[in-house]
Amino acid sequence: MQPQPDFTALARRVRFVLVAPSHPGNIGAAARAIKAMGFARLVVVNPRVADFRNDAEAVALSVGAVDVLVAAQSHGALEPALAGVTRAYAMTGYTREFGPPLVDLRGGCLEAAAHLSTGGAEREVAFVLGTERSGLTNDEVARCQASCAIPADPMHGSLNLAQAVQVAAYEMRLALGADPPASRFTSEAPAGVEALEAMYAHLEQALLALGYLDPAVPGKLMARLRRLLSRAHPTASEIDILRGVCAAIIERKADRIGSKSPTRQRG
């Protein structure tokens, strides 16, 4: 069995195509969006501002993704922007009479991931987004093999161009099986059975000392506490904290009893 390509290798074969964007700031924000999700290929078709790479607003909104913005390809038409693409997804919120079938974005991304991972390295996919005001034309949608819709509120389903790019890039990242974000902190393993049992015994002693647990009528209190703490999967350090609390409860009770003794009173 051939090993599956890793996320980075697959991400290189995904491009995001912006058709006739009106605002260079959206191009910069889109560059930031795809880089944050691990992608780098941005293609711009017939932008209103031809020198978008050096536009102050585009640079400002790219925030850490100036390299993606500068490396963005630019074309005068959609056809060359899709050169080499083997499956293109038109980002549109409604079906077209003679357009490709409409699928939800998550399903489309899963399909795109399967297209990339089960074929050769020559396979590439593209997500195509239209201009801010009117989206893609019927002819532009027709050049794609599927249409993808973001499941937004039907009463107000319009997203900013860069927001739509962000959602698409996020879903594609999930579909490609990217590793989850790593924690900055070292995870401590859950405590073992012996430590848990010692803690339950200590807890029972503390509850008896408090008078909260009646040994004559214990009911299901300890069983319920076991269930509660089992759901938390406490670590050894957390067990130590709980046992420290138990020890303090027991000690304070003993001190209160001892303070009434003649010896204490004479002191």
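In what follows, the structure referred to is the one given above.
The shown structure was predicted, so the numbers you read here are calculated from the model rather than taken from an experiment.

Basis of the calculations
- Residues numbered from 1 in each chain as written.
- Predicted model: local features only at pLDDT ≥ 70, side-chain atom pairs only at ≥ 80, totals over all residues.
- Heavy atoms only, no water.
- Helix = DSSP H or I, 4+ residues; strand = E, 2+ residues; numbered from the N terminus.
- Rg over C-alpha atoms; globule rule 2.2 N^0.38 Å.
- Contact = heavy atoms within 4.5 Å.
- Areas by Shrake-Rupley, 256 points an atom, 1.4 Å probe, with all protein chains shown as cover.
- Lys, Arg positive; Asp, Glu negative; His and termini not counted.
- Charge placed at Lys NZ, Arg CZ, Asp CG, Glu CD.
- Buried < 20%, exposed > 50% of the residue type's maximum accessible area, 1.4 Å probe, protein only.
- Patch = residues over 30% accessible without salt bridge, like charges linked within 9 Å, V, L, I, M, F, W, Y side chains within 5 Å.
- Salt bridge = Lys/Arg side-chain N within 4 Å of Asp/Glu carboxyl O.
- Pairing = 2+ DSSP bridges.
- Axes fitted to C-alpha atoms, helices over the stretch in contact; angles between N-to-C directions.
- Expected span 1.5 Å × (residues − 1).
- Polar contact = N/O pair within 3.5 Å; in protein donor to acceptor, adjacent residues only side chain to side chain.

1. Topic: the overall build of the chain
Across its full length, the chain carries twelve helices and seven strands. For 267 residues, the compact-globule formula gives about 18 Å, and the C-alpha radius of gyration of the chain, at 30 Å, lies well above that figure. Counting only contacts in the chain whose residues sit at least 6 apart along the sequence, the fraction spanning at least 24 positions is 79%. If you sum the accessible surface of the chain, you get close to 15700 Å²; carbon and sulfur atoms cover 55% of it. Across the chain, the 28 positively charged side chains and the 26 negatively charged ones have centroids separated by 8 Å.

2. Focus on the side chain of threonine 92
You can see threonine 92 is positioned in the loop between β4 (87–91) and β5 (102–104). On the basis of relative accessible area, threonine 92 is assigned to the buried category, the value being 7%.

3. Some points on a nonpolar patch on the surface
Taken together, Val59, Val66 and Val70 make up a surface patch of nonpolar side chains, about 200 Å² in accessible area. Along the chain, the position of valine 66 falls in helix α4 (residues 66–71). Judged by relative accessible area, valine 66 falls into the partly exposed class, the value being 35%.

4. Some points on the sheet that holds strand β6 (residues 125–129)
Sheet architecture is open: seven strands sit in the order β3-β2-β1-β6-β4-β7-β5, paired in parallel fashion. Looking along the sheet, the strands with just one partner apiece sit at the ends: β3 (73–75) and β5. Sheet twist, expressed as the mean angle between neighbouring strand axes with direction ignored, is 30°. Both strand β1 (residues 14–19) and β6 contribute to a ladder of five bridges, which runs parallel. Of the residues in β6, the one forming a bridge with leucine 18 is leucine 129. The strands touched by helix α2 (residues 24–36) are β1 and β2 (41–45); relative to β2, the strand with the most contacts, the crossing angle is about 155°. Across the face of the sheet, helix α8 (residues 161–175) comes into contact with β1, β4 and β6 while running at roughly 165° to β1.

5. Considering the environment of leucine 221
Within the secondary structure, leucine 221 sits in helix α10 (residues 221–232). Residues leucine 221 and glutamate 204, spaced 17 residues apart in sequence, show a C-alpha to C-alpha distance of 9.5 Å. Contacts of leucine 221, omitting those with residues within four sequence positions, involve Leu207, Tyr212 and Leu213.

6. A few points about α8
With 15 residues, α8 should reach 21 Å at 1.5 Å per residue; the first-to-last C-alpha distance of 21 Å fits that figure. Among all positions of α8, only Leu161, Ala162, Ala164, Val165, Ala168, Ala169, Glu171, Met172 and Ala175 are buried. Here the buried face of α8 lies against β1, α2, β4, α6 (105–117) and β6. One side-chain oxygen at the N-terminal end of α8 lies 2.8 Å from the backbone nitrogen of alanine 162; it belongs to asparagine 160. The first or second residue beyond α8 is glycine 177, which carries a positive phi of 75°.

7. Quick look at the pairing of β4
Along β4, four of the five residues are buried, which leaves the element largely enclosed by surrounding structure. Alignment of β4 against β6, held across five bridges, turns out to be parallel. Along β6, the bridge assignment pairs methionine 91 with leucine 129. Here β4 runs beside strand β7 (residues 146–149); their pairing, made up of three bridges, is parallel. Bridged to methionine 91 within β7 is cysteine 148.

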